[in-house]
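Here is what each chain is made of, one letter per residue.
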Amino acid sequence: MNDIENSLKEIKKTRASLTVEERAEEMLSKTYGFAKLMTYYKCAMMEIETKFNVLNEELSLQYDRNPIENIKSRIKSAESIAKKMKRKGLPMTLSCLTNNIYDIAGIRVICPFITDVYEVARMLLSQTDVELVQVKDYIREPKENGYRSLHLIVKINVFFSDGMRQVPVEVQMRTIAMNFWATVEHSLQYKYKGDMPEHVAERLSKAADAINALDHEMSSVRNEIMDAQNSSQKQS
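For clarity, every value in this text was computed on a predicted model and none was experimentally measured.

*Asks:* Hey, could you go over the packing of helix α3 (residues 32–63) against helix α6 (residues 114–125) for me, with residue numbers and the actual values?
*Replies:* The contact between α3 and α6 brings their axes to 11 Å, and the two run at 120°. Classified by the angle between their axes, α3 and α6 sit oblique to one another. The crossing of α3 and α6 is right-handed. Facing α3, whose interface residues are Lys51, Phe52, Leu55 and Leu59, α6 presents Val120, Met123 and Leu124. For the contact of α3 with α6, the per-class residue count stands at 6 nonpolar, no polar and 1 charged.

This is the structure:
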């Protein structure tokens, strides 16, 4: 079923009290075409996650440490997709969904240091079956509220029984400290229902600056230790 808006008209009268988002969500979640599409996104997410795990395994052997601390993945729910499409003023069709919503499959990669974020991102993007669609560098240019992270939209070749498809995946990469801040900020936004008091927002902004300073200080300490180790090895 390709046109979700036409399908909505067939909903029983007993469901007439549902909101547009709820009806869209219901039709999306129960449509075979939607379920098939979600399978594509899930498989693409698995492909990208595997690439990160392979890089982490290789680099941990090469540098005797893990440049990736944690990897989390998720698929947007039908409800979240419907709300985002309505917010963007998009028609509730599968073709419109695939052409306009690029964060249905999402992966979050947590690294110890800022240099790890950029190095792992570089290695991912150097792979021939990964195409960069969009980059938003909130580490070098943080959001007004202090949020820092590297956001990538990539397309990955996924092979199915009936052929190959290029599927988009959103990748968010940040340090452990950045992730701590983002987790706390998100929970507070949820608590205040998006209407955070100004004094709380100001304290979070200052905390973001402190975390940024911490990230750079820890990187400096790490570099000093590595320089000392390399110097010692050369002398021996």
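*Asks:* Account for the layout of surface pockets, naming residues and giving values.
*Replies:* Here the largest pocket defines a volume of roughly 1,100 Å³. Lining the largest pocket are 31 residues, and of these Asp103, Arg108, His151, Glu170 and Gln172 sit closest to its centre. At the level of elements, β1 (70–75), α4 (78–87), β2 (105–111), β3 (130–137), β4 (150–160), β5 (163–175) and α7 (176–191) are the ones that each hand at least two residues to the lining of the largest pocket. When residues of the lining of the largest pocket are assigned to their parent elements, the largest contribution, 5 residues, is made by α7.

*Asks:* Describe in detail the side chain of aspartate 103, supporting the description with residues and values.
*Replies:* Structurally, the position occupied by aspartate 103 is in the loop between α5 (94–100) and β2. A relative accessible area of 10% places aspartate 103 in the buried class. Looking at aspartate 103, its side chain comes within polar contact range of the side chain of lysine 84, at 2.7 Å. If we ignore the near neighbours within four places in the chain, the residues touching aspartate 103 are Arg74, Lys76, Lys84 and Glu170.

*Asks:* Explain empty space enclosed by the protein to me, using residue names and the numbers behind them.
*Replies:* Scanning all chains against the criterion turns up 1 cavity of 30 Å³ or more. Of the pockets and cavities examined, the largest cavity occupies roughly 40 Å³. Along its surface, the largest cavity is lined by Gly146, Arg148, Met178, Trp181, Ala208, Ile211 and Asn212. Elements supplying a minimum of two residues to the lining of the largest cavity: α7 and α8 (198–235). If one sorts the elements of the lining of the largest cavity by residue count, α8 sits on top with 3 residues. Looking at the lining of the largest cavity residue by residue, the classes come out as 4 nonpolar, 2 polar and 1 charged.

*Asks:* I'd like a description of α7, backed by residues and values.
*Replies:* Over its 16 residues, α7 extends 23 Å from the first C-alpha to the last, a length consistent with the 22 Å expected when each residue adds 1.5 Å. Among the residues making up α7, those that are buried are Ala177, Met178, Asn179, Trp181, Ala182 and Glu185. The positive-phi residue at the C-terminal boundary of α7 is lysine 193, with phi of around 55°.

*Asks:* Break down the packing of aromatic side chains for me, citing the residues and quoting the values.
*Replies:* For the structure shown, the criterion picks out 2 aromatic pairs. Here tyrosine 40 and phenylalanine 160 contribute two aromatic rings whose centre-to-centre distance is 4.8 Å and whose plane-to-plane angle is 55°, an arrangement assigned as tilted. Here phenylalanine 160 lies in strand β4 and tyrosine 40 lies in helix α3, a separation of 120 residues in the sequence. With a relative accessible area of 13%, tyrosine 40 lands in the buried category. Plain terms: the ring middles of tyrosine 138 and tyrosine 147 are 6.0 Å apart, the flat faces sit at 65° to each other, and that makes the pair edge-to-face. Over the face of the ring belonging to tyrosine 147 we find lysine 143, whose NZ or CZ atom lies 5.0 Å from the ring centre. Its guanidinium or amino end placed over the ring of tyrosine 192, lysine 191 lies 5.9 Å from that ring's centre, counting from NZ or CZ.

*Asks:* How would you summarise the sheet that holds β5 if you had to cite specific residues and measurements?
*Replies:* Spatial ordering of the open sheet is given by β1-β2-β5-β4-β3, a layout of 5 strands whose pairing is mixed. Of all strands in the sheet, those with a lone pairing partner are β1 and β3, marking the two edges. Strand after strand, the sheet turns through a mean of 25° between neighbouring axes, direction not considered. Note: β2 against β5, 6 bridges, orientation parallel. Counted as the bridge partner of cysteine 111 is threonine 175 from β5. Taken strand by strand, α3 contacts β1, β2, β3, β4 and β5, and its axis lies near 55° from that of β5.

Conventions we followed
- Residues numbered from 1 in each chain as written.
- Predicted model: local features only at pLDDT ≥ 70, side-chain atom pairs only at ≥ 80, totals over all residues.
- Heavy atoms only, no water.
- Axes fitted to C-alpha atoms, helices over the stretch in contact; angles between N-to-C directions.
- Helix = DSSP H or I, 4+ residues; strand = E, 2+ residues; numbered from the N terminus.
- Parallel < 35°, antiparallel > 145°, perpendicular 65-115°, else oblique.
- Left-handed = near helix turned anticlockwise from the far one by under 90°.
- Contact = heavy atoms within 4.5 Å.
- Nonpolar A, V, L, I, M, F, W, Y, C, P; charged D, E, K, R; others polar.
- 1 Å grid on protein atoms, 1.4 Å probe; cavity = no way out; pocket = protein on both sides within 12 Å on 5 of 7 lines; lining within 4 Å.
- Points joined across faces, edges and corners; volume = space filled by probe spheres on them.
- Buried < 20%, exposed > 50% of the residue type's maximum accessible area, 1.4 Å probe, protein only.
- Polar contact = N/O pair within 3.5 Å; in protein donor to acceptor, adjacent residues only side chain to side chain.
- Expected span 1.5 Å × (residues − 1).
- Phe/Tyr/Trp six-rings, centres within 6.5 Å; stacked < 30°, edge-to-face > 60°.
- Lys NZ or Arg CZ within 6 Å of the ring centre and 35° of its normal.
- Pairing = 2+ DSSP bridges.

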